[in-house]
Amino acid sequence: AEDWEVSEDGTVYTFHLRPGVLFHDGTPFNAEAVKFNFERRVAVDQGPAYMLEDVEEIEVVDEHTLRVTLTQPVAPFPHLLASMWGPKMISPTAVKEHEVDGDWAQEWLIDHAVGTGPYRLESMVKGEEYTFTRFEEYWRGWDGDNHFDKVVIQIVPETATQRLLLEKGDLDILPHGVPLTDVSAMAENAELQIRQWPINEVTYVTFNTTRGPTADPYVREALAWAFNYETYIDTIGQGYISPLPSVYMAGFEGADTVLLPYHYDMERAREALAKSQYPEGGFALEAGVLSTAGREGREMLEVFQADARQLNIDLEFREIPFTVYYDLFEHPDQFPHVYWDFYAADASDSYAWAYIVWHSEGFINTSFYSNPEVDELLEQAPYISDPEERLAIYEQVGEIIVRDNPGIFAGQLQDVMVARADLAGFVHWPAYPTVLDWHALTRVAD
């Protein structure tokens, strides 16, 4: 959309779409296409379908004007539509051609894509390599001769191999997952450049609030005091991780007013443990880390393990393959007591963060935290139009989370990318971790 208006009561959005935009198969991107994709998302009823659950009517006003009527005002609605998890625009022609038994082409779209971006998917070897070629009809055009004709994404699991390929010039950019200790070393290489940006993503170490010792709030409090935040941010983070003083991400509603009390303090950790059902410790906790979480998580868990021993608590590591994560998530009694991962908000709004991690039905509530009061407040929040009233709800939720302590808010992450020194034109958005505008990227001539 080039522009939009919202009715006075906040229930009607009128979107004015950019003319002259085409899908990769030549289908026009217009109001009918957007209406089709909204309806598809609701019908498929997966992932971001919840973002459209309050849509009452979708009306095509003319070719490039769409009117969306909501059942009630939804304050974060524009943020939800603009998020990287929001409803995707796919060619209606492609969906209709490849639909099987009313599946809205879900099966076909597993390894195909027909969007409106600057590069179109040409070929792929799943899990190994994805090749994209320039879409000549892209609406922003291709002025100049320094745009790339092709973008090849290679999947290279080993970080040492990634670094070697980049330093040899066989890769141009490592967009994510570079160990931060390696980043500092690679910054000394004149043929490379380091790029970093703030993002809506944090390190959140969750406690399984339904299982064993971590069901005890005083055990959780003790562990929060026993976590060495400075070591994580300054030593392991190498200056690429920022302190997270709130339960909310930087810039979100409540981030400046709901402040955490915790810092590294073993004496206070012992005092909290003494109030628990396990005043002398003497128990083991399973500490899980996702296999894709990077070197930093494992290094910090080793530090945390040593500090937990001072409380007579044993942290036993368990690496969780990404392939089994979602199945494990369905079984709280088998999920680790302590779980390390990176968490991104669904959109740039406190609701899109708080709901997914603290509501009892949150999609990534890996603490299995359940509090009826928090659920009720979060169900009210998006429907309150007054910013001050909405902020008061997020502050109330935040204060309860600080009290109940379902996890450790370890640090605010940054997107850190390492690229060849001759690349320029980096355009990045905080709401889109690891994503760059490929159309803007260029290679600088010698």
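Calculation rules
Residues numbered from 1 in each chain as written. Predicted model: local features only at pLDDT ≥ 70, side-chain atom pairs only at ≥ 80, totals over all residues. Heavy atoms only, no water. Buried < 20%, exposed > 50% of the residue type's maximum accessible area, 1.4 Å probe, protein only. Helix = DSSP H or I, 4+ residues; strand = E, 2+ residues; numbered from the N terminus. Arc of directions from axis to C-beta. Contact = heavy atoms within 4.5 Å. Pairing = 2+ DSSP bridges. Axes fitted to C-alpha atoms, helices over the stretch in contact; angles between N-to-C directions. Salt bridge = Lys/Arg side-chain N within 4 Å of Asp/Glu carboxyl O.

K.L.:
Break down helix α10 (residues 322–329) for me, with residues and values.
P.N.:
All of the buried residues in α10 are Tyr-325, Leu-328 and Phe-329. Looking straight down α10, one finds its buried side chains confined to an arc of 95°; they lie on one side. Exposed and facing more than 90 degrees away from the buried side of α10 are Thr-323 and Asp-327. Contacts from the buried residues of α10 go to β11 (283–290), β12 (313–320) and β13 (338–344).

K.L.:
Give me the sheet that holds strand β6 (residues 129–134): which residues, what numbers.
P.N.:
The strand order across the open sheet formed by 3 strands is β5-β6-β7, and the pairing between neighbours is antiparallel. The strands lining the two open edges of the sheet, one partner per strand, are β5 (119–125) and β7 (150–154). Neighbour-to-neighbour, the strand axes of the sheet open up by a mean angle of 20°, direction not taken into account. Across 5 bridges, the pairing between β6 and β7 is antiparallel. Counted as the bridge partner of Tyr-130 is Ile-153 from β7.

K.L.:
How would you summarise the pattern of salt bridges if you had to cite specific residues and measurements?
P.N.:
Under the defined criterion, the tally for this structure stands at 18 salt bridges. Among the ionic pairs, Glu-59 bridges to Arg-67, the shortest N-O distance being 3.3 Å. With its nearest N and O atoms 3.0 Å apart, the salt bridge here joins Glu-319 to Arg-298. In this pair, Glu-319 is assigned in strand β12 and Arg-298 in helix α9 (residues 295–309), connecting sequence segments 21 residues apart. Look at the salt bridges and you will find they share partners, linking Arg-163, Glu-167, Asp-182 and Arg-295 into a network.

K.L.:
Describe the sheet that holds strand β3 (residues 55–62), with residues and values.
P.N.:
With respect to topology, 4 strands assemble into an open sheet ordered β1-β2-β4-β3, the strand pairing being antiparallel. Unpaired on one side and paired on the other, β1 (3–6) and β3 mark the two borders of the sheet. In this sheet, adjacent strand axes meet at a mean angle of 15° when their direction is disregarded. Relative to strand β4 (residues 65–70), strand β2 (residues 12–16) runs antiparallel, the two being bridged by 5 bridges. Opposite Tyr-13, over in β4, you have Val-68 as the bridge partner. Set on the sheet, helix α1 (residues 31–44) makes contact with β3 and β4; between it and β3 the angle comes to about 165°.

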